[in-house]
Protein chains: 2
Amino acid sequence: MTVTGIIAEFNPFHNGHKYLLETVEGLKIIAMSGNFMQRGEPALIDKWIRSEMALKNGADIVVELPFFVSVQSADYFAQGAIDILCQLGIQQLAFGTEDVIDYQKLIKVYEKKSEQMTAYLSTLEDTLSYPQKTQKMWEIFAGVKFSGQTPNHILGLSYAKASAGKHIQLCPIKRQGAAYHSKDKNHLLASASAIRQHLNDWDFISHSVPNAGLLINNPHMSWDHYFSFLKYQILNHSDLTSIFQVNDELASRIKKAIKVSQNIDHLVDTVATKRYTKARVRRILIYILVNAKEPTLPKGIHILGFTSKGQAHLKKLKKSRPLITRIGAETWDEMTQKADSIYQLGHQDIPEQSFGRIPIIIKNERLN
Amino acid sequence: MTVTGIIAEFNPFHNGHKYLLETVEGLKIIAMSGNFMQRGEPALIDKWIRSEMALKNGADIVVELPFFVSVQSADYFAQGAIDILCQLGIQQLAFGTEDVIDYQKLIKVYEKKSEQMTAYLSTLEDTLSYPQKTQKMWEIFAGVKFSGQTPNHILGLSYAKASAGKHIQLCPIKRQGAAYHSKDKNHLLASASAIRQHLNDWDFISHSVPNAGLLINNPHMSWDHYFSFLKYQILNHSDLTSIFQVNDELASRIKKAIKVSQNIDHLVDTVATKRYTKARVRRILIYILVNAKEPTLPKGIHILGFTSKGQAHLKKLKKSRPLITRIGAETWDEMTQKADSIYQLGHQDIPEQSFGRIPIIIKNERLN
């Protein structure tokens, strides 16, 4: 049976994700972000609920990306997630993308020329953002064409880089339905953005999200729930430059901006520049919110849930892989667990996220 | 004209304070705590409002105690306040007390025997709290008798120690009205505690507090407004032992207690021991709230307000004393200003506490 890895945020899980899972055959392992997203924001609903939705709709195993994988720029995000999935024995990586191109060719280009490509990046002007630089790199070395805002496509390129030397196949799947950032709700497969915008429209939600009750009946979190903590932290912290990716310039810009900012968008707009993109500033504000210092990654792999079919696969792995199914006296990843305790402060109805939690188990009616 | 210093919190200002000010003749200079109190809690109303109430009711000058004087145990509180008042040229220090005893004699005892007395303190068991130790010290060396809960009396003893070698007279004034901690509202001179308990009873407040509108029409702050910030800080901070007075034992007790505490009283009860009194734990929680590291004191003296009579005195001092009447590009005391910015986060109606604020000026109808 083919074992396929999928890297996801499911923020929230919706019919487009369900479609992707149905398209893929065999055993499907999801490496999913925890409670903070790659674009620098808290998850709309907590990781346990999102895992449950995925497991009820085609996923077989959901493992958690540690904080310092999930809240990272595309390359580190891809690298960290693929490293975990490879430990879990995947043969291929499936992902949705706007442009289905020959990613195997890109892997080969990168396997051959990674040093030159990295060297090329460092020759580019620092007025360009990192995503702009990598686009130029792929244009020059592999003739990839870019058109407008295509974030999944950019992630696909990061997957290609991270897959070099890993012996896994990349399986791009043409994205169906509304575009990534689309707010369009008149579409059969609505985007996560549109869903986050229309949480009060039950008719729309129930047509766009499977097991929509799980989405509707749990607290919906956003930066608004954490902005006062962020402000407190920025005013109070004795040395913001001790936080990951905060240099003197950013520390000073952020300290100044917080005094005049009424909300997160205002703060991000005030701090962002051409060089420091909004997504990067948002990530940095998450680092500040959870007081994240130098990145370290855990050795263990935290299992959020599995189906009966997934369980059979995990049984084969558990002797040789550091699988963690319960966080107790022994920690999994202190940084992720601390971030979770901050996430929990945002709403009194968010349950404990770490200690004593056991995986979501979904019994398949029959094993395929 | 006699210049008298008075050390106060005015939390809030009430008729008992007005009575004390009326009892004293000449020019009255108040050294008042800012927005955090000696017992480890935020001020009920902000320092500017409290200054205004005092200046309208007998005070001539109000200067601010820096954070690391006002939020300190009795000895440091007294020492810091008296140092400031002496710079402002006081000849005597007036204070309310439950027991009027011969404080001049105590000053003389301490001037003669301070080394022996300090040495004696260090021989006492560490199971005793610091206030208990100093009581024993005064019993042994000066025959002072103690009876029950008499916090102003204990402060009086700290004033005596801090006055040694200063050439100022101590003028104890017998406390009138309800006892310090009394919740009794059926008394002509209600205590600050009773007033804090009955803020919604306009009839009571208007009979107990002069210019009661200033008290009623401004935000009333308590630990409740800051508990979520405190919890966030405790969960998030990378090293609580970097905070003033937090040792490994306390850091560990506090980290553990915050997980089960629903409010500040619960947290204090859980952390306090015989050795770490509740007042000390509350102060330490304030240090944590405002991320206070090693104490430093500012050289400047921050003027919160004055009357015409007070202004005449300040004019004589301003060439030789570092008086600060406006905090702008030049800071007064970073620690106090940071604490003020945290205080302000507790309620949207609290105005800016530092930058650009100028002293409250009350015109006396005639100069005495």
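Model, not experiment: these values are computed from the prediction. (Residues numbered from 1 in each chain as written. Chains lettered and ligands numbered in written order. Predicted model: local features only at pLDDT ≥ 70, side-chain atom pairs only at ≥ 80, totals over all residues. Heavy atoms only, no water.)

**Topic: the overall build of chain A**
Scanning chain A from N- to C-terminus turns up 16 helices and eight strands. Against the globule reference of 21 Å for 368 residues, chain A gives a C-alpha radius of gyration of 20 Å, in line with a compact fold. Considered along the principal axes of its C-alpha atoms, chain A spans approximately 60 × 50 × 45 Å. Buried residues in chain A amount to 58% of all 368 residues. Counting contacts in chain A only where the partners sit at least 6 residues apart, residues at least 24 apart contribute 71% of the total. (Helix = DSSP H or I, 4+ residues; strand = E, 2+ residues; numbered from the N terminus. Rg over C-alpha atoms; globule rule 2.2 N^0.38 Å. Buried < 20%, exposed > 50% of the residue type's maximum accessible area, 1.4 Å probe, protein only. Contact = heavy atoms within 4.5 Å.)

**Topic: the interface of chain B and chain A**
On the side of chain A, 18 residues touch chain B, which itself brings 18 residues to the contact. Both sides together, the interface formed by chain B and chain A hides about 1,500 Å², and carbon and sulfur atoms give 59% of it. When residues of chain B are sorted by the area they lose upon contact with chain A, Tyr-232, Leu-235 and Asn-236 of chain B head the list and together hold 39% of the total. One can count zero salt bridges joining chain B with chain A. Remark: the boundary between chain B and chain A carries ten residue pairs in polar contact (both at pLDDT 80 or more). Secondary-structure elements contributing two or more residues to the side of chain B that touches chain A are helix H11 (227-236), helix H14 (278-289) and helix H16 (334-345) of chain B. Of the residues forming the side of chain B that touches chain A, the biggest block, seven residues, is contributed by H11 of chain B. A breakdown of the residues in the side of chain B that touches chain A according to their chemical character gives eight nonpolar, seven polar and three charged. (Buried area = accessible area lost by both parts, 1.4 Å probe. Salt bridge = Lys/Arg side-chain N within 4 Å of Asp/Glu carboxyl O. Polar contact = N/O pair within 3.5 Å; in protein donor to acceptor, adjacent residues only side chain to side chain. Nonpolar A, V, L, I, M, F, W, Y, C, P; charged D, E, K, R; others polar.)

**Topic: the environment of Ser-158 of chain B**
Residues and elements named next belong to chain B. Structurally, Ser-158 can be placed in helix H7 (residues 151-163). When its relative accessible area of 5% is taken as the criterion, Ser-158 is described as buried. It is 32 Å that separates the C-alpha atoms of Ser-158 and Gly-346, two residues lying 188 residues apart in sequence. With residues up to four places along the chain from it excluded, the contact list for Ser-158 reads Ala-74, Asp-75 and Ala-78.

**Here we look at the nonpolar core**
A general tendency of soluble globular proteins is for nonpolar side chains to be buried together. One finds Phe-67 and Leu-285 of chain A together with Phe-67 and Leu-285 of chain B to be the most contacted residues of the largest nonpolar core, which totals 89 residues. Not counting chain neighbours up to four residues away, the residues in contact with Phe-67 of chain A comprise Phe-36, Ile-286, Tyr-287, Val-290, Ala-292, Asp-333, Met-335, Thr-336 and Ala-339 of chain A. (Core = buried A, V, L, I, M, F, W, Y, C linked by side-chain atoms within 4.5 Å.)

**Let's talk about helix H14 (residues 278-289) of chain A**
Side chains of residues three or four places apart in an α-helix project in the same direction, reflecting 3.6 residues per turn. With twelve residues, H14 of chain A should cover 16 Å at 1.5 Å per step; its first-to-last C-alpha distance of 16 Å lies within 8% of that length. Within H14 of chain A, nine of the twelve residues are buried, which leaves the element mostly enclosed by the surrounding structure. Burial in H14 of chain A covers these residues: Val-281, Arg-282, Arg-283, Ile-284, Leu-285, Ile-286, Tyr-287, Ile-288 and Leu-289 of chain A. Of the surrounding secondary structure, the elements contacted by the buried residues of H14 of chain A are helix H3 (67-70), helix H11 (227-236), helix H12 (248-258), helix H13 (264-271) and helix H16 (334-345) of chain A together with H11 of chain B. Within two residues after H14 of chain A, Asn-291 of chain A carries a phi angle of roughly 55°, on the positive side. (Expected span 1.5 Å × (residues − 1).)

**Some remarks on unusual backbone geometry**
The omega torsion of the bond from Asn-11 of chain A to Pro-12 of chain A falls at 0°, within 30 degrees of zero and hence cis. Tracing the backbone through its elements, the reader meets Pro-12 of chain A in the loop between strand E1 (3-8) and helix H1 (15-23). Positive phi, normally seen in glycine, also occurs at Asn-291 of chain B, with a value near 55°. Inspection of the secondary structure assignment puts Asn-291 of chain B in the loop between H14 and strand E6 (301-307). Of the residues examined, Asn-291 of chain B reaches a relative accessible area of 4% and is grouped as buried.

**Some words on the domain arrangement of chain A**
All names here are of chain A. According to the domain assignment, chain A consists of domain 1 (3-217) and domain 2 (223-290). Using only C-alpha atoms to locate each centre, domain 1 and domain 2 end up separated by 26 Å. Between domain 1 and domain 2, the residue contacts involve 14 residues of the former and 13 residues of the latter. Buried area between domain 1 and domain 2, summed over both chains or domains, comes out near 1,200 Å², and the portion from carbon and sulfur atoms is 68%. For domain 1, the biggest contributors to the area lost against domain 2 are Phe-36, Gly-40 and Pro-42; these three give 30% of the whole. Our count for the contact surface shared by domain 1 and domain 2 stands at zero salt bridges. When its residues are assigned to classes, the side of domain 1 that touches domain 2 shows five nonpolar, six polar and three charged. (Domains from an automatic or database assignment.)

**Topic: the relation of the copies chain B and chain A**
Expressed as a screw operation, the relation of chain B to chain A combines 0.0 Å of axial shift with a rotation of 180°, fitting to an RMSD of 0.0 Å. Such a turn and shift between the copies fits a two-fold axis. Judged by C-alpha distance, Phe-229 of chain B is the residue of chain B that lies nearest the rotation axis, at 3.3 Å. (Least-squares fit on C-alpha atoms with pLDDT ≥ 70 in both.)

**Quick notes on the environment of Ile-205 of chain A**
Residue and element names in this part refer to chain A. Looking at the secondary structure, you find Ile-205 in helix H9 (residues 202-208). The exposure class of Ile-205 is buried, given its relative accessible area of 0%. When the C-alpha positions of Ile-205 and Ser-238 are compared, they lie 44 Å apart, and in sequence the two are 33 residues distant. For Ile-205, the contacting residues outside a window of four places in its chain are Ile-195, His-198, Leu-199, Ala-212, Leu-215 and Ile-216.

**Brief notes about the pairing of strand E3 (residues 61-65) of chain A**
All names here are of chain A. Within E3, five of the five residues are buried, which leaves it mostly tucked inside the rest of the structure. For strand E2 (residues 27-33) and E3, the ladder comprises five bridges, and the chain directions are parallel. Bridged to Ser-33 within E3 is Leu-65. What joins E2 to E3 is helix H2 (residues 47-55), and the crossover it makes is right-handed. (Pairing = 2+ DSSP bridges. Right-handed = clockwise from strand over helix to strand, strands pointing away.)

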